[in-house]
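An overview of the molecular structure
Listed here are the chains, written in short residue letters.
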Amino acid sequence: MQGDEERDTRTAMFRGLRLRCPSCGRGKILSGYLKVKDSCACCGQELHHASVDDGPAYFTLMAVAAIIFPMFGVIYAVGEPDPLWVALVMMTLATGLALVILPRVKGLFIGLQWAKRLSGF
Ligand SMILES: [Zn+2]
């Protein structure tokens, strides 16, 4: 059981972003694509308290939109490509980006919850 010592929020969030335990930075926090492990295999920190709900999904959506939307302006400023081609490329890119970003943002949220002792951490 952890004491009342100060937890560094930035370090915990960075560790979560790397999908590592916010406490020790070594153990993995996810057992599948998005399933949170019950505890850290390295330090034993309980992780089942994590309850990030829809937060990571909203932030992922905003991040993907912030990357994708300006690209439409660039693409159509350079030339006039076939709209079907643009739609297919952008949908593929948006899906790929979301799949890469979502688990990392979830880890970041878990790190924040751990550092702030939220959700029973
Ligand atoms: Zn750990």
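Residues numbered from 1 in each chain as written. Predicted model: local features only at pLDDT ≥ 70, side-chain atom pairs only at ≥ 80, totals over all residues. Heavy atoms only, no water.

What to know about the coordination of the zinc ion
Taken together, C21 (SG), C24 (SG), C40 (SG) and C43 (SG) make up the protein donors of the zinc ion, found 2.2 to 2.4 Å from the metal. For the zinc ion, the four donor atoms are set out with angles of 106 to 114° between them, so the coordination reads as tetrahedral. (Donors = N, O, S within 2.8 Å, 3.2 Å for Na, K, Ca; no water. Tetrahedral: all angles 85-135°; square planar, octahedral: opposite > 155°, others 65-115°.)

Comments concerning the packing of aromatic side chains
Tallying each qualifying case throughout the model produces one aromatic pair. Here the aromatic rings of F59 and F109 are separated by 5.3 Å at their centres, their planes lie at 65°, and the arrangement is edge-to-face. Here the residue F59 occupies a position in helix α2 (residues 55-78), and F109 occupies one in helix α3 (residues 83-115), the gap between them amounting to 50 residues. (Phe/Tyr/Trp six-rings, centres within 6.5 Å; stacked < 30°, edge-to-face > 60°. Helix = DSSP H or I, 4+ residues; strand = E, 2+ residues; numbered from the N terminus.)

Description of α2
Taking 1.5 Å per residue, 24 residues should reach 34 Å; α2 reaches 36 Å between its end C-alpha atoms and fits that length. Among the residues of α2, G55, P56, T60, V64 and I68 are the ones counted as buried. Those residues of α2 hidden inside the fold are in contact with α3. (Expected span 1.5 Å × (residues − 1). Buried < 20%, exposed > 50% of the residue type's maximum accessible area, 1.4 Å probe, protein only. Contact = heavy atoms within 4.5 Å.)

Comments concerning the packing of helix α1 (residues 9-17) against α3
Between α1 and α3, whose axes approach to 6 Å, the crossing angle comes to 150°. One way to sum up the angle between α1 and α3 is to call them roughly antiparallel. In the crossing of α1 with α3, the sense of the turn from one axis to the other is right-handed. Here T9, A12, M13, G16 and L17 of α1 lie close against α3, whose contacting residues are R104, G107, L108, G111, L112, W114 and A115. (Axes fitted to C-alpha atoms, helices over the stretch in contact; angles between N-to-C directions. Parallel < 35°, antiparallel > 145°, perpendicular 65-115°, else oblique. Left-handed = near helix turned anticlockwise from the far one by under 90°.)

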